[in-house]
Amino acid sequence: MITVTVEATDRRIDFRMSPRDLINIGIFGALYLVTVGVFNALEFINPGFTLVSVLIGIVAGGVPFMLFLTRVRHAGMVTVLAVIVSGFMLLIGSPPVTIVVAVVAALAAEALLWAGRYRSRRFSVLAYAVFSTWFVGMFLPMFYARADFLTSPYMKEMGAEYVQQLDALLSPVVLIAFDLSTLVVGFLGGLLGLRLLDKHFRKAGLV
C-alpha cells in the first residue's frame, strides 16, 4: 500500500488506496459504463441520436456515479475511475484525447469533493456535473482533426452514408452547444442520482 499525505490547513489530501477502494472502483466503473453504454448505443439508429444518446446517458449515469461517491472518502478514486472509463472508450474507438479530458475533469471533480470534505451532497452533485464533461473529449477532434476523426476505423464501420450525415450534423455551433450542455445535463444527472439514492447518502453520512 502506498501512502501520500499532504497537509492543507485543517484538512488532508489522502491518496491511500485499500483493496476495498479498488474493488469499489472496478464495480462502479463497470456499472457506469454499462449504464451509459446502453443509451449511447442509440447512436447506431441514426446520426441524429449521436449527441442526444450521450446526454441521456449522462443523466442515467448519475445514478451509479452518485452511489459510487457514497464509498469515496479520499482523493484519487474518481480519477482512477475516469482512467478506467476513458481507457475502455479508447479501446472501442474513442480518440486518445478523451483520456486527457477525462483526467482533467476528474481532477476538477476531486477538488470539489475535497472542498465538501467528501460529506457534502451539493458538492457531490457539482462533482458529477464536472466529471460528465469528459464526454467532450469524444468529439473534440472534430474541431482540429475533423477529416481524421471521420475516417477513423470506428467511423468507417458506421458506413459512408452515416458518416456523411454526421459530418453535416456536427457543425462547430452544435458541438459547442453540446460541450456546454454536458455540464448542465451532468448536474441534472447528479440530482437524479441523489434523489433516487437519498437513503444511501444518509447512511453514508453525506449531508
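It should be emphasised that the depicted structure is a prediction, and the values quoted were computed from it without experimental measurement.

Engineer: Sorry if this is basic, but what is going on with helix 10 (residues 160–169) here?
Structural biologist: Because an α-helix packs 3.6 residues into every turn, residues spaced three or four apart end up facing the same way. Taken together, the buried positions of helix 10 are Y162, V163 and L166. Projected down its long axis, helix 10 shows its buried positions confined to an angular sector of 95°, all on one face. The exposed residues of helix 10 that point more than 90 degrees off its buried face are A160, E161, Q164 and A168. As for helix 10, its buried residues are in contact with helix 2 (49–69), helix 8 (146–150) and helix 9 (153–158).

Engineer: What should I look at first to understand the pattern of salt bridges in this one?
Structural biologist: Any two side chains of opposite charge can pair, so long as their charged atoms come close to each other. This model, assessed by the stated rule, comprises two salt bridges. As a salt-bridge pair, R121 and D198 come within 2.3 Å of each other at their nearest N and O atoms. Within this pair, whereas R121 is found in helix 5 (residues 121–131), its partner D198 is found in helix 12 (residues 198–204), the two being separated by 77 residues in sequence. Put simply, R146 and D167 hold a salt bridge, and the shortest N to O gap is 2.7 Å. Residue R146 is located in helix 8, and its partner D167 is located in helix 10; the two are separated by 21 residues in the primary sequence. Taking the relative accessible area as the measure of exposure, R146 reaches 23% and is therefore partly exposed.

Engineer: How should the side chain of D179 be read in this particular structure?
Structural biologist: Relative to the elements of secondary structure, D179 occurs in helix 11 (residues 172–196). Within the buried core, D179 has no salt-bridge partner, and the shortest N-O distance to an opposite charge, that of R146, equals 11 Å. Apart from residues no more than four positions distant in its own chain, D179 is found in contact with V136 and F143.

Engineer: In this structure, what is going on with a nonpolar patch on the surface? I would like to understand it.
Structural biologist: On the surface, a nonpolar cluster with roughly 490 Å² of combined accessible area is contributed by L126, L183, V184, F187, L188 and L191. Here the element with the most residues in the nonpolar patch is helix 11; it accounts for five residues. Looking at the secondary structure, you find L126 in helix 5. Residue classification places L126 among the partly exposed positions, given a relative accessible area of 32%.

Engineer: Is there a simple way to explain the packing of aromatic side chains in this structure?
Structural biologist: To describe a pair of aromatic rings, you give the distance between the ring centres and the angle between the ring planes. In this structure the tally under the stated criterion is nine aromatic pairs. Considering the side-chain rings of F65 and Y128, the 5.0 Å spacing of their centres and the 40° angle between planes classify their relative orientation as tilted. Placement of F65 in helix 2 and of Y128 in helix 5 is noted, with a sequence separation of 63 residues between them. A relative accessible area of 0% means that Y128 is categorised as buried. Taken together, the aromatic side chains of F28, Y32, F65, F68, Y128 and F131 make up a single cluster linked through ring pairs.

Reading the values: the criteria
Residues numbered from 1 in each chain as written. Predicted model: local features only at pLDDT ≥ 70, side-chain atom pairs only at ≥ 80, totals over all residues. Heavy atoms only, no water. Buried < 20%, exposed > 50% of the residue type's maximum accessible area, 1.4 Å probe, protein only. Helix = DSSP H or I, 4+ residues; strand = E, 2+ residues; numbered from the N terminus. Arc of directions from axis to C-beta. Contact = heavy atoms within 4.5 Å. Salt bridge = Lys/Arg side-chain N within 4 Å of Asp/Glu carboxyl O. Lys, Arg positive; Asp, Glu negative; His and termini not counted. Patch = residues over 30% accessible without salt bridge, like charges linked within 9 Å, V, L, I, M, F, W, Y side chains within 5 Å. Areas by Shrake-Rupley, 256 points an atom, 1.4 Å probe, with all protein chains shown as cover. Phe/Tyr/Trp six-rings, centres within 6.5 Å; stacked < 30°, edge-to-face > 60°.

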